[in-house]
Amino acid sequence: MPPLLEVTDLCVEFRTERGPLRAVDGVSLKLEAGRTLGIVGESGCGKTVLSRSLLRLTPVTAGRIVFDGRDIVTMDESELRDVRGRDVSIVFQDPMTSLNPVLTIGSQIAETLIHHLRMSRRAARARARELLAAVGIPSPDARLREYPHQLSGGMRQRVTIAMALACEPRLLVADEPTTALDVTVQAQILDLLKQQQRERGMAMILISHDLGVVAGRTDEIAVMYAGRIVERAPTGLLFRRTRMPYTEALLRAIPRLEHASHTRLLAIGGRPPDLVDPAPGCRFAPRCSRVRERCRIDEPPLMPDGAADHDFACWYPVEVPDLPPHSRGRVGVGGT
Amino acid sequence: MAAHSPDLTTEAIIVAPAAAGVDRPPRAWHRLGASFWLSVAWLALVTLVAVAAPALHLADPNLQDLTDRGGSASPQHLLGTDGLGRDMLSRLAWGARISLTVGCASTLLGMVVGTLLGMTAGYVRGRPEGVVVATMDALLAFPALVLILAVTTFIGHDISIIVGVIGFLGIPAFARVARANTLALAQREFVLAARAMGASELRIIGLEILPNIVAPVLTFGLLVVAVAMIAEGTLAFLGLSVPPPAASWGAMVAEGRGDLDIWPQVSLIPATVFFLTIFALNLAADRLRRVVEVRESRI
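About the criteria used
Residues numbered from 1 in each chain as written. Chains lettered and ligands numbered in written order. Predicted model: local features only at pLDDT ≥ 70, side-chain atom pairs only at ≥ 80, totals over all residues. Helix = DSSP H or I, 4+ residues; strand = E, 2+ residues; numbered from the N terminus. Buried ≥ 20, exposed ≤ 12 C-beta atoms within 10 Å, placed from the backbone. Contact = placed C-beta atoms within 7 Å. Pairing = 2+ DSSP bridges. pLDDT = per-residue confidence, 0-100.

So, about the overall build of chain A. The secondary structure content of chain A amounts to 10 helices and 12 strands. If you line up chain A on its principal axes, its C-alpha atoms span 65 × 50 × 45 Å. Residues classed as buried in chain A amount to 48% of the 336 residues present. Pairs at least 24 residues apart make up 64% of the contacts formed inside chain A by residues separated by at least 6 positions.

Given below as structure tokens:
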């Protein structure tokens, strides 16, 4: 069966005064129906641009985005509008700004249903109520009549999730859905997304700057750096056999419970490269602790690890013990 | 994933603050203050008298009684008579009809056209925006009085023409307010979210942007009503508004100015009513704008 989503060599460029800025540079991805892909990277690595370009909310410069056999890049405006919100929907980062302040919650959810599914106002309202209940909003009837500013951040994000789920999309893109929220609410929202994804059999792309967020909730993880994917593997394998030094550095930067309190976090020194005029060689080279001569001259391509379902872009990857023979090939997913 | 488990978020959860923070603002009419409600009361009174003028059994506003010129208040003439012996109260009431009609109708015209133009310019950007902005700048630079003189001289003094000219001159102001608000709103994430949900550009303008600019445009419109009424008063003072003998506040002030030394009230009464009305409009608009702005900043 062909994958639900297949992105090939996607490039997104922005024009700047200094020249074209390549925010997404040759990204290829595959996602099968009902599965979850995590995309991880630090701020400015192109994850948000990538997620928006999937629905052409930012114009795509080159590449193909084949969703269910149709290329989103070559669709005309009206086909595109049918896919948006119906087959693929997005949950944005900040629920404070992604809801319209002057419309009630009910009318915002109903609008999509009326538009895409040609529901009557009444039916749409009833469905909006069900959706609010499904995303765990207490007394949904009262909430339908309220405005966004009357809800807390966590509640608002539940509302945006309800809106995104309204037309039963086959792919949900969650772009840092918890970054703007209180820590205590973050896990609830993530669990809600995971639960809805399982119940509805959707595929999901979960974008985060936090490896901890995607760790337990994805089947596969792609690590992005400076507009490119630098490592990709099933979630368990990525954590067990990290090969790319950047991923390793990201893992070290996560605070851990077993460490004594006030242990210094290992930050990654330096800054990401200039995307308008990147230096030759590996883009992580200036910050990499394992950098050698070759890294500054040749850019490593994303290559398979040979044995396992694991790609990484590094000339001198982190050494790991050989896989035991019985687990060669596809390594178990999830890993927990 | 045992030792490598970075899955901290789920473990760190202790409480579930599911209840939404519902903090309702204090009732809007408390925050508007007494001055606002006094202004509204005055405006309501003027509007009521203007609307009900034909039903109030007032004296004929154009009936002259040259034996009772500049008469003071009496049971027949509650506010006295003007220099031609016409009933002042009646003329004020009928004059209010003209002032308010011109003020409101021309504002409405400028508001609808200006808002549509400004919203389109602010949302579509590019070439259409350039054309709209340049046209509006040209319109603002054009001497308004010359335009009005030309129009009233060559086309006529009919009230619909007065409304048309003043409304036309109000378009750039509304276009600017609408464009400025649209520019800011178009950058907001909910517009992007609407697009991600498959909304067309027209739906975004109508359903996402428009409801957000209604409040600022309407409060601004209240100020423009005052400006339009002053414009009509000025035209009337110059004899360029509706032709006599029709009563208009500006015309009443003008008619009394020759007799200021003997019957000052003939000019001063309409001038005072005019002043109070404009003052009330400005005050109400200002208060309303502040409340709307506070509300905007909360969301």
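So, on to the pairing of strand β10 (residues 228-234) of chain A. Residue and element names in this part refer to chain A. β10 sits mainly inside the fold: 7 of its 7 residues count as buried. As paired elements, strand β9 (residues 220-225) and β10 share 6 bridges and run antiparallel to each other. Looking across to β10, one finds that Y225 is bridged to R228. Remark: 2 residues form the turn of the hairpin made by β9 and β10, two consecutive strands paired antiparallel; A226 in that turn has positive phi of roughly 50°. In this sheet, strand β12 (residues 311-312) lies alongside β10 in antiparallel orientation, the contact comprising 2 bridges. When the sheet's bridge partners are listed, E231 is paired in β12 with F312.

Tracing the sequence through the fold places A249(A) in helix α10 (residues 245-252). Between the alpha carbons of A249(A) and A267(A) there is a distance of 7.8 Å; along the sequence they are 18 residues apart.

To continue, consider the confidence of the model for chain B. All names here are of chain B. Residues with a pLDDT of 70 or more make up 81% of chain B, whose mean pLDDT is 79. Per-element confidence in chain B is highest for helix α7 (residues 159-186), whose mean pLDDT is 90, and lowest for helix α1 (residues 8-11), whose mean pLDDT is 39. In the model, residues 1-23 has pLDDT below 50 throughout and makes 36 contacts with residues more than four positions away in sequence or in other chains. For this predicted complex, the interface score ipTM comes out at 0.81, while the overall pTM is 0.77.

Right, let's get into the confidence of the model for chain A. Of all residues in chain A, 93% have pLDDT values of 70 or greater, and the mean over the chain is 85. Across residues 327-336 of chain A, where pLDDT falls below 50, the model places 24 contacts with residues more than four positions away in sequence or in other chains.

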